[in-house]
Amino acid sequence: MGGYYSFFHFLLVCFLLGIHGSYSMNQTCNPTDLEALLAFSNALDKKDFRVVGWVSNDTKCCSWTGVSCEFGKVIRLDLSNKNLHGGISSAITLLDGLVTLNLSRNSLHGQPPEGLGRLARLRILDLSMNVLSGMFLGSEGGFAAIEVMNVSFNQFRGLHPAFPGAMDLTVLDISSNAFSGDINTTAICITPVRVLRFSRNEFTGEVPAGFSRCRMLVELSIDGSGLIGNLPSDLYMISGLRRLSLRENQLSGSLSEDLVNLSQLMHIELSYNMFGGVIPDVFGGLKRLEFLNLASNSLSGHIPPGLMWCTKLRTLNLGRNKLEGEVPASFKNLRSLSRLSLVGNGFTNLSSALRILQHLPKLTTLVLTKNFHGGETMPMDDLSGFKSLQVLVLANCALSGTIQPWLQSMESLRVLDISWNKLNGKIPLWLGNLNNLFYIDLSNNSFSGELPKSLTQMKSLISSTYSREHASIKDLPLFIKKNSAAKGLQYNHVSSFPPSLILCNNLLFGPVLPGLGYLVDLHVLDLSWNNFSGRIPDELSNMSSLEVLNFAHNDLDGSIPSSLTKLNFLSKFDVSYNKLTGDIPTRGQFSTFPNESFVGNDALCLLRDGSCSGKTLFLEKGDEQQGGTDTTVPAVTYITVEVGFTFGLLTVWNILFFVRAWRAAYFLMVDRFFNTIYVMIAVKVNKVRRRRSDKVYP
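Rules of the game
- Residues numbered from 1 in each chain as written.
- Predicted model: local features only at pLDDT ≥ 70, side-chain atom pairs only at ≥ 80, totals over all residues.
- Heavy atoms only, no water.
- Helix = DSSP H or I, 4+ residues; strand = E, 2+ residues; numbered from the N terminus.
- Buried < 20%, exposed > 50% of the residue type's maximum accessible area, 1.4 Å probe, protein only.
- Contact = heavy atoms within 4.5 Å.
- Polar contact = N/O pair within 3.5 Å; in protein donor to acceptor, adjacent residues only side chain to side chain.
- Phe/Tyr/Trp six-rings, centres within 6.5 Å; stacked < 30°, edge-to-face > 60°.
- Salt bridge = Lys/Arg side-chain N within 4 Å of Asp/Glu carboxyl O.
- Pairing = 2+ DSSP bridges.
- Disulfide = S-S within 2.5 Å.
- Expected span 1.5 Å × (residues − 1).

A. Representation of the overall build of the protein in the model. Broken down by element type, the protein carries 10 helices and 43 strands. Counting every position in the protein, which comprises 698 residues, the buried fraction comes to 48%. Counting only contacts in the protein whose residues sit at least 6 apart along the sequence, the fraction spanning at least 24 positions is 53%.

B. Fine view of the side chain of Asn-321. By secondary structure assignment, the location of Asn-321 is in the loop between β22 (315-317) and β23 (322-325). Here the side chain of Asn-321 touches Ser-298 through a polar contact of 3.4 Å, landing on its backbone nitrogen. Those residues within four positions of Asn-321 in sequence are excluded, and the remaining contacts are Leu-294, Ala-295, Ser-296, Asn-297, Ser-298, Leu-299, Gly-344 and Asn-345.

C. Geometry of the packing of aromatic side chains. Within this structure, the stated rule accounts for 12 aromatic pairs. Between the aromatic rings of Phe-136 and Phe-156, the centroid separation amounts to 5.4 Å while the plane-to-plane angle is 70°, which identifies the pairing as edge-to-face. Separated by 20 residues along the polypeptide, Phe-136 in the loop between β7 (131-135) and β8 (148-150) and Phe-156 in strand β9 (residues 155-159) bring together distant segments of the chain. The burial state of Phe-136 is the same as that of Phe-156; both residues are buried.

D. Main features of the pattern of salt bridges. Tallying each qualifying case throughout the model produces 10 salt bridges. With a closest N to O distance of 3.3 Å, Asp-78 and Arg-76 form a salt bridge. Beyond isolated ion pairs, a larger network of salt bridges with shared partners links Asp-173, Arg-197, Glu-219 and Arg-243.

E. Examining the sheet that holds strand β28 (residues 400-401) more closely. A sheet is described by the order of its strands in space; here eight strands give the open sequence β28-β30-β32-β36-β38-β40-β42-β43, paired in parallel fashion. The strands lining the two open edges of the sheet, one partner per strand, are β28 and β43 (603-604). Sheet analysis places strand β38 (residues 531-534) next to strand β40 (residues 555-558), joined by two bridges and oriented parallel. By the bridge assignment for β40, Gly-534 is matched with Leu-556.

F. Examining the state of the cysteines more closely. Taken as a whole and judged by the stated rule, the model has three disulfides. What pairs with Cys-62 in a disulfide is Cys-69, and their sulfur atoms sit 2.0 Å apart. Its S-S torsion of about -95° marks the bond between Cys-62 and Cys-69 as left-handed, since a negative value means left-handed. Just as Cys-62 is buried, Cys-69 falls in that class too. A sulfur-sulfur distance of 1.8 Å marks the disulfide that ties Cys-189 to Cys-214. Here Cys-189 and Cys-214 share a disulfide; its torsion about the S-S bond, -80°, makes the bridge left-handed.

G. The arrangement of the side chain of Thr-315 in detail. As for its position among the elements, Thr-315 is in strand β22. Look at Thr-315 and you get buried, because its relative accessible area is 3%. Engagement of the side chain of Thr-315 in a polar contact is seen with the side chain of Arg-339, the distance being 2.9 Å.

H. Main features of helix α5 (residues 350-357). Among the eight residues in α5, seven count as buried, and that is most of the element. Those residues of α5 lying buried are Leu-350, Ser-351, Ser-352, Ala-353, Leu-354, Ile-356 and Leu-357.

I. Quick look at the sheet that holds strand β21 (residues 298-301). Strand order across the open sheet formed by six strands is β15-β17-β19-β21-β23-β25, with parallel pairing between neighbours. Of all strands in the sheet, those bounded by a partner on one side alone are β15 (228-229) and β25 (346-347). Direction of pairing for β21 relative to β23: parallel, over a ladder of two bridges. Counted as the bridge partner of Gly-301 is Leu-323 from β23.

J. Spatial organisation of helix α2 (residues 31-42). Its 12 residues give α2 an end-to-end C-alpha distance of 17 Å, which sits within 8% of 16 Å, the value for a rise of 1.5 Å per residue. All of the buried residues along α2 are Asp-33, Leu-34, Ala-36, Leu-37, Leu-38, Phe-40 and Ser-41. Where α2 begins, the capping side chain belongs to Asn-30, and its oxygen is found 2.8 Å from the backbone nitrogen of Thr-32.

K. Looking closely at the environment of Arg-335. Mapping Arg-335 onto the fold places it in the loop between β23 and β24 (339-341). Sequence separation of Arg-335 and Leu-360 is 25 residues, and the distance between their C-alpha atoms is 5.3 Å. Those residues within four positions of Arg-335 in sequence are excluded, and the remaining contacts are His-359, Pro-361 and Lys-362. In this structure the side chain of Arg-335 is engaged in a polar contact, spanning 2.8 Å, whose partner is the backbone oxygen of His-359.

Structure, rendered in structure tokens:
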């Protein structure tokens, strides 16, 4: 019987809500509110559309898009993401019953009307992601009922707003503006604020003391705002803090052991600062921690053994510090760990690290770049874990040996980067059988042999649909940045990586496989600086997604296939320093490629506006003369040339011997010439060295 009455009450509530909703949609709105809405609409640039269908002769404004009413009074105006342009009319302050105002994700500009603060019932104000500017004032008597204030991603300037009279304020987001000066914790912490987001502004000075007075605070984010100095001691007294993010500042000093007082912390983001010293072993008291990023500081010492107690930890980034030692065996306890980056430290014993990390069942991303520089070999252990691993990066670790068979058990692998090592041997046949693999970088090693045909059958490169259906992956906060050249490419998420096959700077030989044309989803094919020979296959024109095609510094011959002009997305093409002949195609993207992409091919025509038939004919005539009838040169001609050369040499020698000033000038010129040659060679050598050492992973 009780269940029957509960169901009856549920139906009654639904019925009453339906009646109220229908009434709200059809009621005639207050005349003052109607005029205010029309004035707001008229202030926008796109007046012809009258705000997605608002009509001036329709008095039922409560049924308009984005408008909600209660007893004829507008209480909610939500026009977020409606592509609005123009300014915010001051008429909007006449909506004295307004509770929620959301104009986010538009292109509104100018300064918001000052009267917004006098809307006595306004609880939620969201003006984020516009181009609003000027000062944003929050006077002591303004915004008395405000609970959520979001003005992020605009161009506001001046001192940051504070709302000491807003006794219900819980969320204040002013991030990504140009607010400057000091952070006024006294005015902020009068309110029961729970979330403070002040990131990416132009504040000065240190992180101010006084945040401990914000006793209800659960999130504090002040990223990228130019803060300096040490963290204030009272910051460690906010017992309820769950998220602390201060990345991309110039904070220094040591991390305090008082971190242990923040036992509710779930997210710590302190990367890209100047913290030094050892990482305090306080993690036994931070058992709720899920995210820890201390990358790009100057931290030293070993990984704290207490991390083993953070069994809920999902992301750990300690990259680009000065840590050393081995990965502790206690890492086996981090059963929830999904993403791990230790790039750019001084860790040793890769074999031990992999034996430990293979026991982490949820590990999807492992980045160990620029470690293990003690001459280690690629581990040959029979590793059977890593069933969930999707990203493996072991670049720039000075590893020797060959690609080991244990890698083929990583059936979920999508990204493999073992570039800039000293690996050798052949590329194994099974590498092309990893069905989810779409990004392969084996560059700058000593791999030899021919390309395995299995690379032409990679399912994730033949069909992007297969990759999406069979290897879905969450966006990752780690990224790979290549800066071996002057201009680098950066991908913030694995899902944005271009499908790539990068095998440059090796010792590979043989033909370029025509079957590569089956890889219609491949975006980057780089086979430069190898010993490939033969012709460029016509079949490559089927690679419809290709953006980069690099065959430079090989032994390819024949002509450039004109069918390659069908590659509409090709933005970089380089076949320099081969043995190619004939004309360069001129249609499609080929009209945009510079001559530098084709130099070093003696019989290749660099004339884009005409035929090379004249050049070819000239070469043929030269060959015929060399291979045809020999023409006899009179002996007197040779004698005359030899006598002239001897006389000239003696004249120069006598001048240098008897005239001291000329002799000094001559030897000074010779010294300068050889000094110039030496400097040029030294610069080239240093550039090559930097190419090998400048590949960076966070």
